[in-house]
Amino acid sequence: MQPMFPLKSLAARSASAARSSGAGPELSGATTGASRARLRMLPVGVGPVTRKEFADHLSGLRFVILLILIGVASVAAVYAASATVREAASQFASGVSFPFLRLFTVSGENLPSLVSFVAFLAPLLGIALGFDALNSERSHGTLSRLVSQPIHRDAILHGKFLAGLGVVGLSLVALVAIVGGVGILLVGVPPSAEEVGRLIMFIVLTIIYVGFWLALAQLFSVLFKQAATSALASIAFWLFFAIFASLIVGLVVNWVAPAGDDATAAEIIRHERLSLRLERISPITLYSEATTGLLNPNVRSLGVILTSQVDRALATPLGFGQSLVLIWPQVISLIGVSLLFFTLSYILFMREEIRA
Amino acid sequence: MSSTEQRATTSQPRAKGAGREAAREPVIVAQGLTKKYGDFTAVDDLSFTVAEGEIFGLLGPNGAGKTTTILMLLGLTEPTAGTVRVAGSDPVRDPLAVKAVVGYLPDNVGFYPTLTGRQNLRYTAALNRLKGKEAEERINELLEQVGLSEAADKRAGAYSRGMRQRLAVADALIKRPRVLILDEPTIGIDPEGVRELLALLERLRDEQAMTILLSSHLLHQVQEICDRVGIFVGGRLIAVGPVRDLQHQLAAKGGVEIEVQAVTSDGRPLEATQLEGLRAALARLPRVEGVELDRDGTLLVRGQTDVRSDVAHLLHDQGLLPMHLRLRGLSLDDIYARYFQEGVDAAYVPA
């Protein structure tokens, strides 16, 4: 197992969290006789569970459907980008920076950009891979067999989560590589090192984002005995943040900090700041802000900016490092919320008595 | 389970009962085991041991707490009180050590429907750190043993209930367990399947000295192969021992019926007045609660315990010859059914 960037810390943290909460009889590490197991970061049995789940995902019909969706998205994105090929190319000729990134962020006349496709598909991907993670094991009668094998019980949760992330990573790398490759052919411009770096970070960021939805779906799969219920609950959660949350935020902000036509500058700032703060509760907002900051180097701030603040500022793009600094709070928040959901499912699952 | 294996098993002499147990180490030791769900006590102060190489039957009606007990043995649920040792390990403190040596066939066992039988077994092998050629050989051997070689590469979703159960046996045996725990293994399979399963269990005991604990609510199905059984009702173990001893244990708890037929010393059947006299005499015996007269001249003596010897003495004293003297209601099935009747009312276990 080569754990990817956030996973190692995630596993260790959630394991120690549950250990200190004193849940269940089967906590990892400390209770095992083998000192080898005590030294491991991940619970015993993660390897086989991850491999099996990964293979299941790849051979399942579900993945075929997701693959078709992703395929359609990339075709559409490449098509949209091709419409702006000349524009991008001419911009490159005229010295405008990062033409390659624009392949991913520029939308066509009627088609959204690749990034918006991904932003839209990511929650669906996470939910599709996780909504029946545990309740299907239960309804198939495989869970009681699984928990009676000599593996730590959390290996099941970790393995399923890692396998889901692996599938997501694989699909995203393929998607970005295909679009990038076609882009190179169409535009005839190779990506700069910084663009490659930003795209890799974009993939990592998206994996984290899908990880959030995966953790949520997996939590619901522990919570609800029926796979259909947990799928519905996950989708309801998604729709709430995708559609209704901003409406509710608008209502609340207008009520708490109204800013009418005759509002003073201070009132307008207060209004905007509150609105932004509330919207950042939603992981969707966090992700879209982070991708914006990452893929548009010209974005210099994700908060409220006054005209006076940008007065006489040079319209130069931010460096890669500076962009990372800009989106860091969003990334950390996404990881934090994912961890919260993962830990919750962990606590629930470890304490559960599994009957056939 | 091929027919040749079947024959080999049945022809083997079977040493059964208490004689073999004494020398062996107990593999499962439960002491004062109690499990409460809120106010409800599912298992109440349960103590028993299972010796190495013994088949122990945990018998009781649905909801008696059999599954809960098994979960506690495996460390899948924590006992409210009491201690368990399985193969020397404590399932509460060291569940992995227990699970490494215990094969478990759960009630309502299932498999991944999209994987083949063989793939399902391969996953279990991997979880037990069995890899490559060794795993493949083990899997083939077990598939052969349970008679699923033909269907091994069909999707498990297409298996019948009986095939699933056989695959589950193979699944539980992959890790070469020292102890095999089976929860209601005979449910949902046809009589032939039950016979094959029980023969396999006997073979495992006889050839590999495997310790086997199985639970069932069907006494007559499993009493044949159990070295000892425990009768478990309403969370309590009401009797433990080899099946034949159990009859006496349970009989001692009262409520037996004895059929009596007698003739005069010269071999003629009793007349009505003589019968009436005998009946009155029998009713006066100590520990006899009542005597009834059957149509065909049989007297039914209801005693607190087995009073057959007293009855025989009485007949002798009266100068009569006993023609028929039989304990009725002491067939284990009858007693069992009676306890179950009581048990069902008192027992409730959350699903």
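Residues numbered from 1 in each chain as written. Chains lettered and ligands numbered in written order. Predicted model: local features only at pLDDT ≥ 70, side-chain atom pairs only at ≥ 80, totals over all residues.

Enquirer: I tried to follow the overall build of chain B on my own but got confused; where do I start?
Expert: Across its full length, chain B holds 13 helices and 13 strands. Among the 351 residues that make up chain B, the fraction classed as buried is 42%. For chain B, restricting intrachain contacts to residue pairs at least 6 apart in sequence, the fraction spanning at least 24 positions comes to 69%. (Helix = DSSP H or I, 4+ residues; strand = E, 2+ residues; numbered from the N terminus. Buried ≥ 20, exposed ≤ 12 C-beta atoms within 10 Å, placed from the backbone. Contact = placed C-beta atoms within 7 Å.)

Enquirer: Where do I start with the packing of helix α10 (residues 153-187) of chain A against helix α11 (residues 193-223) of chain A in this structure?
Expert: When two helices pack together, their arrangement is given by the angle between their axes and by how far apart the axes lie. All names here are of chain A. In the contact formed by α10 and α11, the axes pass within 9 Å of each other and the chain directions differ by 145 degrees. Where α10 crosses over α11, the two elements pack in a sense that is right-handed. Contact residues: Leu157, Lys160, Phe161, Gly164, Leu165, Val168, Gly169, Leu172, Val173 and Val176 in α10; Leu199, Ile203, Thr206, Ile207, Val210, Gly211, Leu214, Ala215 and Gln218 in α11. Of the residues assigned to the contact of α10 with α11, the class counts are 13 nonpolar, 5 polar and 1 charged. (Axes fitted to C-alpha atoms, helices over the stretch in contact; angles between N-to-C directions. Left-handed = near helix turned anticlockwise from the far one by under 90°. Nonpolar A, V, L, I, M, F, W, Y, C, P; charged D, E, K, R; others polar.)

Enquirer: I would appreciate a short explanation of the sheet that holds strand β4 (residues 81-86) of chain B in the present structure.
Expert: Strands belonging to one sheet form pairs held by backbone hydrogen bonds; the direction of such a pair is parallel or antiparallel. Residue and element names in this part refer to chain B. The 3 strands lie next to each other as β2-β1-β4, forming an open sheet whose pairing is antiparallel. The open sheet has two edge strands with one neighbour each: β2 (40-51) and β4. Put simply, the sheet's adjacent strands are angled 15 degrees from each other on average, direction ignored. Sheet topology note: the strand β1 (residues 26-37)/β2 ladder contains 8 bridges and is antiparallel. Bridge pairing in β2 places Lys36 opposite Thr41. Of the strands in this sheet, β1, β2 and β4 touch helix α3 (residues 66-74), which is tilted by about 120 degrees from β1. (Pairing = 2+ DSSP bridges.)

Enquirer: Looking at this model, I keep getting lost on the interface of chain B and chain A. Mind explaining?
Expert: By a widespread convention, an interface's size corresponds to the accessible area lost as its parts come together. Across the contact, 32 residues belong to chain B and 24 residues belong to chain A. Among the secondary structure elements, those contributing two or more residues to the side of chain B that touches chain A are α3, α4 (95-101) and α5 (117-127) of chain B. The leading source of residues in the side of chain B that touches chain A is α4(B), at 5 residues. Split into classes, the residues belonging to the side of chain B that touches chain A amount to 18 nonpolar, 8 polar and 6 charged.

Enquirer: I'm lost on the nonpolar core in this one. Help?
Expert: In a soluble, globular protein the nonpolar side chains are often hidden away together inside. If you look at the biggest cluster of nonpolar residues, it comprises 153 residues, and the most contacted ones within it are Leu74(B), Val169(B), Ala170(B) and Ile181(B). Element by element, the count of residues in this core is highest for α11(A), at 16 residues. Once you skip the residues sitting within four places of it in the chain, Ala170(B) turns out to touch Leu121(B), Leu142(B), Leu143(B), Gln145(B), Val146(B) and Leu148(B). Of all hydrophobic cores here, the second largest spans 13 residues; its members include Val256(B), Ile258(B), Leu299(B) and Leu315(B). (Core = buried A, V, L, I, M, F, W, Y, C linked by C-beta atoms within 7 Å.)

Enquirer: Would you take a moment to explain α11(A) for this structure?
Expert: Since there are 3.6 residues in each turn of an α-helix, residues three or four apart along the chain are aligned in direction. The terminal C-alpha atoms of α11(A), which comprises 31 residues, lie 45 Å apart, in line with the 45 Å expected from a rise of 1.5 Å per residue. Summarising burial for α11(A): 22 of the 31 residues are buried, a large majority. (Expected span 1.5 Å × (residues − 1).)

Enquirer: Would you explain unusual backbone geometry in this entry?
Expert: Generally, phi is negative for residues other than glycine and the peptide bonds are trans, each holding for most cases. All names here are of chain B. The backbone phi angle of Asn108 is positive, close to 55 degrees, even though this residue is not glycine. The topology assignment puts Asn108 in the loop between β5 (102-105) and α5. Of the residues examined, Asn108 has 15 C-beta atoms within 10 Å and is grouped as partly exposed. Positioned with a positive phi, Ala209 is a non-glycine residue whose angle comes to about 50 degrees. Within the secondary structure, Ala209 is located in the loop between α8 (191-208) and β7 (211-216).

Enquirer: So what exactly am I meant to see when it comes to the sheet that holds strand β8 (residues 228-233) of chain B here?
Expert: Residue and element names in this part refer to chain B. Taken in spatial order, the 6 strands line up as β5-β6-β7-β3-β8-β9 in an open sheet, and their pairing is mixed. The outermost strands of the open sheet, each flanked by one partner alone, are β5 and β9 (236-241). Geometrically, the sheet is characterised by an average inter-axis angle of 15 degrees between neighbouring strands, direction not taken into account. Inspection of the sheet shows strand β6 (residues 179-183) paired to β7 by 5 bridges, in the parallel sense. Across the sheet, residue Val179 finds its bridge partner in β7, namely Thr211. Packing against the sheet, helix α7 (residues 161-173) makes contact with β5 and β6, and its axis sits at approximately 165 degrees to β5.

Enquirer: What is the right way to look at the confidence of the model for chain A in this model?
Expert: Low-pLDDT stretches of the model should not have their predicted coordinates read in fine detail. All names here are of chain A. For chain A, the average pLDDT comes to 78, and 82% of its residues sit at 70 or higher. For chain A, the element scoring lowest by mean pLDDT is helix α1 (residues 7-21), at 40; α11 scores highest, at 91. In the model, residues 1-39 has pLDDT below 50 throughout and makes 68 contacts with residues more than four positions away in sequence or in other chains. (pLDDT = per-residue confidence, 0-100.)

Enquirer: Please explain the packing of α10(A) against helix α16 (residues 320-351) of chain A as it appears in this structure.
Expert: Residues and elements named next belong to chain A. Two elements in contact, α10 and α16, have axes whose closest approach is 9 Å; the angle formed by their N-to-C orientations is 145 degrees. The two elements α10 and α16 cross, and the hand of that crossing is right-handed. Touching Arg153, Asp154, Leu157 and Phe161 of α10 are Phe342, Ser345, Tyr346, Phe349 and Met350, all from α16.

Enquirer: Just to check I follow, could you spell out the confidence of the model for chain B for this structure?
Expert: All names here are of chain B. Mean pLDDT over chain B stands at 80; residues scoring 70 or higher make up 84%. Scored below 50 in pLDDT, residues 1-23 shows 21 contacts in the model against residues more than four places distant or in partner chains. Here residues 343-351 scores under 50 on pLDDT; set against residues more than four positions off or in separate chains, the count is 19 contacts. For this predicted complex, the interface confidence score (ipTM) comes to 0.76, while the overall pTM stands at 0.77.

Enquirer: Looking at this model, I keep getting lost on the pairing of β5(B). Mind explaining?
Expert: Along any regular strand the residues' side chains alternate between the sheet's two faces. All names here are of chain B. Of the two faces of β5, the one lined by Val102 and Tyr104 and the one lined by Gly103 and Leu105 are each fully buried. Sheet topology note: the β5/β6 ladder contains 4 bridges and is parallel. Among the inter-strand pairings, Tyr104 is bridged to a residue of β6, identified as Ile181.

Enquirer: I would appreciate a short explanation of the environment of Tyr37(B) in the present structure.
Expert: Residue and element names in this part refer to chain B. Mapped onto the secondary structure, Tyr37 falls in strand β1. Classification of Tyr37 by C-beta neighbours within 10 Å gives partly exposed; the count is 14. Distance from Tyr37 to Arg205, taken between C-alpha atoms, is 35 Å for residues 168 residues apart in sequence.

Enquirer: What exactly am I supposed to notice about the environment of Gly303(A) here?
Expert: Residue and element names in this part refer to chain A. Inspection of the secondary structure puts Gly303 in the loop between α14 (283-295) and α15 (307-310). According to the C-beta neighbour criterion, Gly303 is exposed, with 11 such atoms within 10 Å. Taking the C-alpha atoms as reference, Gly303 lies 15 Å from Gln322; in sequence the two are 19 residues apart.

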